[in-house]
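Secondary and tertiary structure notes
Listed here are the chains, written in short residue letters.
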Amino acid sequence: MNVKPEASASERTPPALELRDIRKSFGATPVIRGVSLDVHEGERHAIIGPNGGGKSTLFNLISGRFAPTSGSIVLCGEKIAALAPHEINRRGLARSFQITNIFPRLSVYENIRCSVLWSLGYKYCFWRGVDKLRDARERTDRILEQIRLTTRRDAPAGVLTYAEQRALEIGITIAGDARVILLDEPTAGMSRAEADNAVALIRVVSQGRTLLMVEHDMGVVFNLADRISVLVYGEIIATDIPSRIRRNEAVQSAYLGSAADA
Amino acid sequence: MSGSREVAAPATVFAGVAMNWANRHKQWLAASLVLLALPHVPGLNSDFGRSLLSQMGIAAVFALSFNVLLGQTGLLSFGHAVYFGLGGYAAIHFMRVINHGLPLPIPLVPLAGAAAGLLFGILFGSVTTRRAGTIFALITLGIGELVYAATFMLPGYFGGEEGITASRTRGPALFGLDFGSQLQVYYVIAVWALIAAMLMRAFIRTPVGRMCNAVRDNPERAAFVGYNTQRVRLFAFSVAGLFAGLAGGLHAINYEIVAADSVSALRSGTVLLMTYIGGVGHFVGPVIGALILTWLQVSLSGYTSAWLLYLGLFFLVTILFAPSGLAGLIMMHGSIVHTKAFWRVLRAYAIALVPAVFMGIGAVILIEMSYRVSTQPELGTRMRIFWITVDAASPWPWITAIALLAGGFFVFRKTWPIVAVAWNRATDEAGAVNMTAQRR
Ligand SMILES: Nc1ncnc2c1ncn2[C@@H]1O[C@H](COP(=O)(O)OP(=O)(O)O)[C@@H](O)[C@H]1O
Ligand SMILES: [Mg+2]
């Protein structure tokens, strides 16, 4: 466990995200049972594992949706465990949701623009017209192009197709220019072609950032990830580079074998 | 270089800028002209008409401020009159100070109301906006009751039952205006109403104004893009308080008295009705609602003592059949008004209107007779309704009214398919036009 093939890299810079013995119980039920993980600066890290294993819960803990029962979370050298979601976001971490979580009555354009405002420093500004903010407009237009929703910019987000909403979900997440990005099953439910588009997009936008993603499609995972962690039953049973994860026997018996059967 | 050129260039630039400004603010220029002309329109150019217009202006600002909460931020408040009333009290005290010699012009009085509205908006808002939804609504209700009770517990400031009075005519003269006439008061209200509407419109289009929409739609996601949702709600609440307070200040100038009714639950309920009937989804919705409800209040109460019942009925019908309000209804028709099938829709409406009128007459006779018999028996059973005299002691008016209501309803139901068919035609046609427009 905790093999570090890029030990030299991690010595130079502190990890972008550092989890130490994270635990989370809902009532008496432990869901995360002691997770420790270092995600390096600039790394694309995938988390795989069976359904119900606690992947989304882990994301919820990192992003502040829930507070961990115990353990520490450090984002770029700063403790963030138990901070509110907006405070964690302001420190440079953005996430997407497995179940689409957008602003349904706002237009596609507004959805993205609302996501760029804080990071551009507009905060609670009430003395400037939002339409006059050139940098916000330009960044919004660029994101819309990246997620291929430019032609849908004026549609209310609630009427988009499922695949379009998934693309918007990714767009909202990356719009704030966060250094660390968490994507929870970004391609789930997409067609092959849509998923390919999404992967290409993720590859582009994660350039120069740290990416932590949950993904079920093994093709996507082995193709995109620098390292993979396997989360089973609330514990990480292996963290390694893709080729070694593929050969890892514990992983095969716990997860890959059963996934191949399915 | 010739001198005339040097002069001409800035002049043309200035003219260009002015034209550009006028073009971008067409609707506000139009609104100003309408507001300017209204008190001289026949029918409204009396003291009564101008007083009605003044009340409408006050109600419109109040309803717009309420919609900053409801429509823009998704916060349902049952105590918005608190900020109207506290603004009104601050303004009336300010007016008293002017009466006693403070050399400030009377038209600035609403600013005192706005300041108080903002102050109490921040104060109470920091408690209420911690939560949204039902809890928020209940806290606003509680604060409303609290403040209403306070008006009787602190008679020094609130004047108890009688309230506080001041005079708008005892201040320093301003361009020869003394605010004795209703016309001058109307113009003070109209100017402030216009400014308030423009500012609230502008607020929607600021970063924090947009985030109010985001927090309304999905507070959780708003937090994950960096916004403290409580803080965003507090901004909305404070802005709503400010403009409610301004409306209260206008109320103080208009009536020269502010009493406990200005913070009452009844007033909180009325602004909710106005906003909802007008339509929460459109900026002008609350204005439409404020105009109609104020007019109904003033005119209906002159015709019938059962007017509150009619208001309630009107509200019910609107909520049931036009959940997006009158503005929503208007917008709905805006998209088909250019189609050829639009006249079919109008014809269908005309057909449906006939049984609806019979239904309405039946309902009115029933309501009037019941109201008379149950609440005003001392006036006897004979009464005039519309142009007929009926005797509520005889069974025949009751039977006729029920027959009108039931028969009207039966026929009305039969006319609905006609309306539906016409609607479908018109919307199909509008859709086809849109498609070709897009293809081009
Ligand atoms: N808010 C919650 N309350 C109670 N149980 C939860 C909650 N969220 C997740 N769980 C439970 O935690 C377990 C892990 O769920 P999840 O993190 O969604 O797994 P994964 O994303 O790996 O499929 C599941 O058994 C789920 O029922
Ligand atoms: Mg999950």
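Residue positions are given per chain, counting from 1 as you read along its sequence in written order. Just so you know, chain letters begin at A and ligand numbers begin at 1, following the order they were written in. In view of the model being predicted, local features appear only for residues whose pLDDT reaches at least 70, and side-chain atom pairs are presented and counted only at 80 or more, with totals across whole chains, interfaces and linings using the full set of residues. The side-chain quantities take in all heavy atoms of the structure and omit both hydrogens and water.

**Overview of the overall build of chain B**
Within chain B, the secondary structure is distributed over 17 helices and 4 strands. Expressed as lengths along the three principal axes of its C-alpha atoms, the size of chain B is roughly 80 × 70 × 55 Å. For chain B, with 440 residues in total, the buried portion stands at 46%. Only heavy atoms enter the contact rule, under which two residues are in contact if any of them lie within 4.5 Å. Long-range pairs, those at least 24 residues apart, make up 74% of the contacts in chain B between residues at least 6 apart in sequence. Of the roughly 21700 Å² of accessible surface on chain B, 70% is carried by carbon and sulfur atoms. The helix count covers DSSP runs of H or I at least four residues long, the strand count covers runs of E at least two residues long, and both are numbered beginning at the N terminus. Only protein chains enter the accessibility calculation, which uses a 1.4 Å probe; a residue is then buried when its area is under 20% of its type maximum, exposed when over 50%, and partly exposed in between. The protein chains shown are the only cover counted for residues, whose accessible areas, like all others here, come from Shrake-Rupley with a 1.4 Å probe.

**Focus: the pairing of strand S8 (residues 210–214) of chain A**
All names here are of chain A. Most of S8 is tucked away: 5 of the 5 residues are buried. Side chains of S8 alternate between two faces, with Thr210, Leu212 and Val214 and Leu211 and Met213 buried alike. Across 4 bridges, strand S3 (residues 44–48) lies against S8 in parallel orientation. Among the inter-strand pairings, His45 is bridged to a residue of S8, identified as Leu212. Following the backbone out of strand S7 (residues 180–184), through helix H7 (residues 192–205) and into the adjacent parallel S8, one traces a crossover that is right-handed. Two strands are counted as paired when DSSP detects at least two bridges linking them. Handedness rule for crossovers: strands pointing away from the viewer, path from the first strand over the helix to the second running clockwise, crossover right-handed.

**Some words on the coordination of the magnesium ion (ligand 2)**
Bound to the magnesium ion (ligand 2) are the protein donor atoms Ser56(A) (OG) and Gln98(A) (OE1), situated 2.1 Å from the metal. Highlighted residues: Ser56(A) in helix H2 (residues 55–63) and Gln98(A) in the loop between strand S6 (93–95) and helix H4 (108–117), separated in sequence by 42 residues. Donors, by definition, are the N, O and S atoms found within 2.8 Å of a metal, the threshold being 3.2 Å for Na, K and Ca, and water is not counted, so a site can look incomplete.

**What to know about the pattern of salt bridges**
In what follows, salt bridge is the name for a side-chain nitrogen of Lys or Arg lying within 4 Å of a carboxyl oxygen of Asp or Glu. Scanning the entire structure with this criterion turns up 21 salt bridges over all chains. Among the ionic pairs, Glu78(A) bridges to Arg91(A), the shortest N-O distance being 2.8 Å. Pair noted here: Glu78(A) is in strand S5 (residues 78–79) and Arg91(A) is in the loop between helix H3 (85–90) and S6, with a separation of 13 residues, a long-range link. Since its relative accessible area comes to 29%, Arg91(A) is described here as partly exposed. Of the charged contacts, one joins Asp217(B) and Arg216(B) as a salt bridge, the two residues approaching to 3.0 Å between their closest N and O atoms.

**Let's talk about the site of ligand 1**
Residues and elements named next belong to chain A. A molecule or strand has a residue near it when one of that residue's heavy atoms lies within 4 Å. What surrounds ligand 1 is the set Phe26, Val31, Pro50, Asn51, Gly52, Gly53, Gly54, Lys55, Ser56, Thr57 and Phe66. Between an oxygen atom of ligand 1 and a main-chain N or O atom of Gly52, the distance comes to 2.8 Å. Between an oxygen atom of ligand 1 and a side-chain N or O atom of Thr57, the distance comes to 2.5 Å. In terms of residue count, H2 provides more of the shell around ligand 1 than any other element does, 3 residues in total. Amino acids outside the nonpolar list (Ala, Val, Leu, Ile, Met, Phe, Trp, Tyr, Cys, Pro) and the charged list (Asp, Glu, Lys, Arg) are all regarded as polar, and Gly is one of them. Taken together, the residues of the shell around ligand 1 sort by class into 4 nonpolar, 6 polar and 1 charged. Here a polar contact is recorded for every N or O atom pair within 3.5 Å, except that within protein the pair must consist of a potential hydrogen donor and a potential acceptor, and residues adjacent in sequence are included only if both atoms are side-chain atoms.

**Observations concerning the environment of Asn228(B)**
Mapping Asn228(B) onto the fold places it in the loop between helix H10 (219–224) and helix H11 (229–255). Taking the relative accessible area as the measure of exposure, Asn228(B) reaches 17% and is therefore buried. Asn228(B) sits 13 residues away from Val215(B) along the chain, and the two C-alpha atoms are 9.4 Å apart. If we ignore the near neighbours within four places in the chain, the residues touching Asn228(B) are His86(A), Arg90(A) and Tyr124(A).

**Describing helix H16 (residues 342–375) of chain B**
Take the residue count of a helix, subtract one, and multiply by 1.5 Å to get its expected span. With 34 residues, H16(B) should cover 50 Å at 1.5 Å per step; its first-to-last C-alpha distance of 46 Å lies within 8% of that length. The largest bend in H16(B) is about 30°, located at Leu353(B), with the proline Pro355(B) one to four residues further on. Throughout, the bend at a residue refers to the angle made by two axes, fitted to the seven residues ending there and to the seven starting there.

**Remarks on the domain arrangement of chain B**
All names here are of chain B. What counts as a domain boundary in this text is fixed by an automatic or database domain assignment. The domain boundaries assigned to chain B delineate domain 1 (19–315) and domain 2 (336–439). On a C-alpha basis, the centres of domain 1 and domain 2 stand 34 Å from each other. Counting residues at the interface gives 6 residues for domain 1 and 5 residues for domain 2. Defined in terms of a 1.4 Å probe, buried area is the accessible area two parts forfeit on being brought together, summed over both. Where domain 1 abuts domain 2, roughly 490 Å² becomes buried across the two surfaces, and 62% of that area is made up of carbon and sulfur atoms. Here domain 1 is connected to domain 2 by 0 salt bridges. The interface formed by domain 1 and domain 2 includes 4 residue pairs in polar contact (both at pLDDT 80 or more). Grouping the constituent residues of the side of domain 1 that touches domain 2 by class yields 4 nonpolar, 2 polar and no charged.

**Description of the side chain of Thr57(A)**
Residue and element names in this part refer to chain A. Within the fold, Thr57 resides in helix H2. Look at Thr57 and you get buried, because its relative accessible area is 12%. Not counting the four nearest positions on each side in its chain, Thr57 is found in contact with Lys24, Phe26, Val31 and Ile32.

**Here's the deal with the packing of aromatic side chains**
Classification of ring pairs rests on two measures: the distance between centres of Phe, Tyr or Trp rings, Trp counted by its six-membered ring, which must be within 6.5 Å, and the angle between planes, read as stacked under 30 degrees, edge-to-face over 60 and tilted in between. Following the criterion strictly, the structure yields 19 aromatic pairs over all chains and no others. Geometrically, the ring pair formed by Phe97(A) and Phe224(B) is edge-to-face, given 5.1 Å between the ring centres and 80° between the ring planes. Pair noted here: Phe97(A) is in the loop between S6 and H4 and Phe224(B) is in helix H10, and the two residues belong to different chains. Exposure class is identical for Phe97(A) and Phe224(B). Each is buried. Their ring planes at 65° and their centres at 6.3 Å tell us that Tyr83(B) and Phe124(B) sit as a pair that is edge-to-face.

**Some remarks on the sheet that holds S6(A)**
By way of backbone hydrogen bonds, the strands of a sheet pair with one another, either parallel or antiparallel. Residue and element names in this part refer to chain A. Across the sheet, 6 strands lie side by side as S6-S7-S8-S3-S9-S10; this open sheet has mixed pairing. The open sheet terminates on both sides in strands that have one partner only, identified here as S6 and strand S10 (235–240). Along the sheet, successive strands turn relative to each other by an average axial angle of 15°, direction set aside. Bridge analysis of strand S9 (residues 227–232) against S10 gives 5 bridges, and the strand direction is antiparallel. Note that in S10 the partner of Val230 across the bridge is Ala238. Only the stretch in contact is used when fitting a helix axis, every axis being a line fitted to C-alpha atoms; angles between N-to-C directions are given from 0 to 180 degrees.

**Structural notes on the environment of Ala82(A)**
Residues and elements named next belong to chain A. Positionally, Ala82 belongs in the loop between S5 and H3. Relative accessible area serves as the criterion here: at 58%, Ala82 is assigned to the exposed category. When the C-alpha atoms of Ala82 and Ile32 are compared, they prove to be 15 Å apart, with 50 residues separating the residues in sequence. Those residues in contact with Ala82 that lie beyond four places of it in its chain are Ala67 and Pro68.

**Remarks on the interface of chain A and chain B**
Contact residues are listed per partner, giving 35 residues for chain A and 24 residues for chain B. In this assembly, chain A packs against chain B so that about 2600 Å² is buried in total across both faces, 60% of it on carbon and sulfur atoms. Summed over the shared surface of chain A and chain B, the number is 3 salt bridges. With its nearest N and O atoms 2.8 Å apart, the salt bridge here joins Glu220(B) to Arg65(A). If you look at where chain A meets chain B, you find 19 residue pairs in polar contact (both at pLDDT 80 or more). The greatest single-element share of the side of chain A that touches chain B, amounting to 5 residues, is contributed by H4(A). Looking at the side of chain A that touches chain B residue by residue, the class counts come to 17 nonpolar, 8 polar and 10 charged.

**What to know about the sheet that holds strand S1 (residues 17–26) of chain A**
Residues and elements named next belong to chain A. The strand order S2-S1-S4-S5 describes an open sheet built from 4 strands, whose pairing is antiparallel. Of all strands in the sheet, those with a lone pairing partner are strand S2 (29–39) and S5, marking the two edges. Set on the sheet, H2 makes contact with S1, S2 and strand S4 (70–75); between it and S1 the angle comes to about 115°.

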